[in-house]
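Read off the chains here:
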Amino acid sequence: MPSEKYMLIDTHTHILPDMDDGAPDPEVGVQMIKALLNQGVRSIFATPHYYHHLETVSEFLNRREKAYLEIMSEMRRQGIAERPIVLGAEVSIERDLQYAQGVEKLCIEGTDIILFELPYSRLKGWEVSVIENIIFKHRLRPMIAHVDRYLDVFEESDFMQLYQIPDVIFQVDASCVDKFRYRSFLMKLIKKGRRVVLGSDCHNMGTRKPDYIKGIQYLGKKLDKESFNKLLYNMQEILNIT
């Protein structure tokens, strides 16, 4: 396990109630939060899906605020003292996204990081252009959601295009360590010096439950103590979380 001085940060969750295909209500959302807290996580990024073709940024933020207040109320009702939630969004890449008014407001709260979800297919030039247009215009840093999943659809040239995006951060699902191919990819990213952070991408307490600690335990075994603590330190530095 990591040293006490390093905060465990879950960078991708769907804990907010009735926002998307994640927690259906505040009670389940709080169960997910409690599960993560029990695993030692102290900062939880709440990143519900945002689809530009379905709603404006303003409409999304209003819904998110309502969901946040509901889950905070349930946390208080259950006597949970911690306040681990950091608001954000998982922003689906669409052609017109770069023109969305207020797109910069979808950043992870208190940071200049915006979490993007790519289509589940070969990487297209226009997708990279949309990302770069947004980050250059608003001076943001991009984080690519669950990059490990694209092993099934990307060619090496697609990953090379992602690596060339300025200041790109790669969010890897902690549960990827269950399969050899995906955990090998995680280790390759780390050894190549890519900016890597972990997220559970939890959606419920069943089929996609919070399982952040699995990735941490795996890395703790595979890396020497110095390298492991350096990775955790780098996660905090990348995310500007102290």
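Everything numeric in this text was worked out from a predicted model, so none of it was measured.

About the thresholds
Residues numbered from 1 in each chain as written. Predicted model: local features only at pLDDT ≥ 70, side-chain atom pairs only at ≥ 80, totals over all residues. Heavy atoms only, no water. Helix = DSSP H or I, 4+ residues; strand = E, 2+ residues; numbered from the N terminus. Rg over C-alpha atoms; globule rule 2.2 N^0.38 Å. Contact = heavy atoms within 4.5 Å. Areas by Shrake-Rupley, 256 points an atom, 1.4 Å probe, with all protein chains shown as cover. Lys, Arg positive; Asp, Glu negative; His and termini not counted. Charge placed at Lys NZ, Arg CZ, Asp CG, Glu CD. Axes fitted to C-alpha atoms, helices over the stretch in contact; angles between N-to-C directions. Parallel < 35°, antiparallel > 145°, perpendicular 65-115°, else oblique. Left-handed = near helix turned anticlockwise from the far one by under 90°. Phe/Tyr/Trp six-rings, centres within 6.5 Å; stacked < 30°, edge-to-face > 60°. Buried < 20%, exposed > 50% of the residue type's maximum accessible area, 1.4 Å probe, protein only. Lys NZ or Arg CZ within 6 Å of the ring centre and 35° of its normal. Pairing = 2+ DSSP bridges. Core = buried A, V, L, I, M, F, W, Y, C linked by side-chain atoms within 4.5 Å.

Undergrad: Give me the overall build of the chain: which residues, what numbers.
TA: For the chain, the count of helices and strands is seven helices and nine strands. The C-alpha atoms of the chain give a radius of gyration of 17 Å, which matches the 18 Å a tight globule of 242 residues would have. Overall, the chain is about 50 × 45 × 30 Å in size when its C-alpha atoms are taken along their principal axes. Long-range pairs, those at least 24 residues apart, make up 76% of the contacts in the chain between residues at least 6 apart in sequence. Roughly 11300 Å² of accessible area belongs to the chain as shown, and the carbon and sulfur atoms make up 47% of that amount. Averaged over its 32 positive side-chain charges, the chain has a centre that lies 6 Å from the centre of its 35 negative ones.

Undergrad: Mind laying out the packing of helix H1 (residues 26-38) against helix H2 (residues 57-77), listing which residues take part and the relevant values?
TA: Where H1 contacts H2, the two axes come as close as 9 Å, and the packing angle between them is 70 degrees. As far as their axial angle goes, H2 and H1 are roughly perpendicular. Seen from above, H1 lies across H2 with right-handed handedness. Facing Pro26, Glu27, Gly29, Val30 and Ile33 of H1, the residues of H2 in contact are Glu70, Ile71, Glu74 and Met75.

Undergrad: Could you give an account of the packing of aromatic side chains, with specific residues and numbers?
TA: Applying the stated criterion across every chain, the model contains seven aromatic pairs. Taking the centre distance of 6.4 Å and the plane angle of 25 degrees together, the rings of phenylalanine 159 and tyrosine 163 count as stacked. With phenylalanine 159 and tyrosine 163 both in helix H4 (residues 156-163) and four residues apart, this pair spans about one turn of that helix. As far as burial versus exposure is concerned, phenylalanine 159 and tyrosine 163 are alike and both buried. A ring pair is formed by phenylalanine 159 and phenylalanine 185, whose centres lie 5.1 Å apart and whose planes are at 45 degrees; its orientation type is tilted. Placement of the pair is phenylalanine 159 in helix H4 and phenylalanine 185 in helix H5 (residues 180-191), with a sequence separation of 26 residues. Note on accessibility: phenylalanine 159 and phenylalanine 185 belong to one class, buried. In this structure an aromatic cluster arises from ring pairing among Tyr120, Tyr150, Phe154, Phe159, Tyr163, Phe170 and Phe185. Between the NZ or CZ atom of arginine 194 and the centre of the ring of tyrosine 163, over which it lies, the distance is 3.9 Å.

Undergrad: Account for the packing of helix H6 (residues 212-222) against helix H7 (residues 225-239), with residues named and values stated.
TA: Between H6 and H7, whose axes approach to 9 Å, the crossing angle comes to 140 degrees. Here H6 lies oblique to H7, going by the angle between them. Crossing handedness for the pair H6 and H7: right-handed. Where H6 abuts H7, its residues Tyr212, Ile216, Leu219 and Gly220 lie against Phe228, Leu231, Leu232 and Met235.

Undergrad: Give me the lowdown on the sheet that holds strand S6 (residues 113-117), citing residues and values where you can.
TA: What links the strands of a sheet is backbone hydrogen bonding, and the strands pair in either a parallel or an antiparallel sense. Pairing is parallel in the open sheet, where six strands are placed in the order S3-S5-S6-S7-S8-S9. Taken across any chain shown, the strands that pair with only one partner, and hence form the sheet edges, are strand S3 (49-50) and strand S9 (196-199). Of the strand pairs in this sheet, strand S8 (residues 169-173) and S9 are connected by four bridges, and their pairing is parallel. Each bridged residue has a counterpart across the sheet, and for glutamine 171 the counterpart in S9 is valine 197. On top of the sheet, helix H3 (residues 125-138) reaches S6 and strand S7 (141-144); it is set at about 145 degrees to S7, its chief contact.

Undergrad: Could you give an account of unusual backbone geometry, with specific residues and numbers?
TA: Positive phi values are uncommon outside glycine, yet arginine 139 reaches one of about 55 degrees. Mapped onto the elements of the fold, arginine 139 is located in the loop between H3 and S7. Note on arginine 139: relative accessible area 74%, which makes it exposed.

Undergrad: Any chance you could break down the nonpolar core for me, citing the residues and the numbers?
TA: Core analysis: the largest hydrophobic core is formed by 90 residues, its most contacted members being Leu97, Leu106, Phe116, Val147 and Leu219. With seven residues, the single largest contributor to this core is H2. Ignoring any residue separated from it by four or fewer positions in sequence, one finds phenylalanine 116 in contact with Val91, Ile93, Leu97, Ile131, Ile134, Ile135, Pro142, Met143, Ile144 and Ala145.

Undergrad: How would you explain the sheet that holds strand S4 (residues 85-87) if you had to name every residue and give the values?
TA: What the three strands build is an open sheet, ordered S1-S2-S4; its pairing is parallel. The sheet is open, and its two borders are formed by strand S1 (8-13) and S4, each paired with just one other strand. The average angle at which neighbouring strand axes cross in this sheet is 25 degrees, direction not considered. Bridge count between S1 and strand S2 (residues 41-46): four bridges; the pairing is parallel. Note on S2: the bridge partner recorded for threonine 13 is alanine 46. Packing of H1 onto the sheet brings it into contact with S1, S2 and S4, and relative to S2 it is tilted by some 145 degrees.

The values are spatial; any link to function lies outside them.
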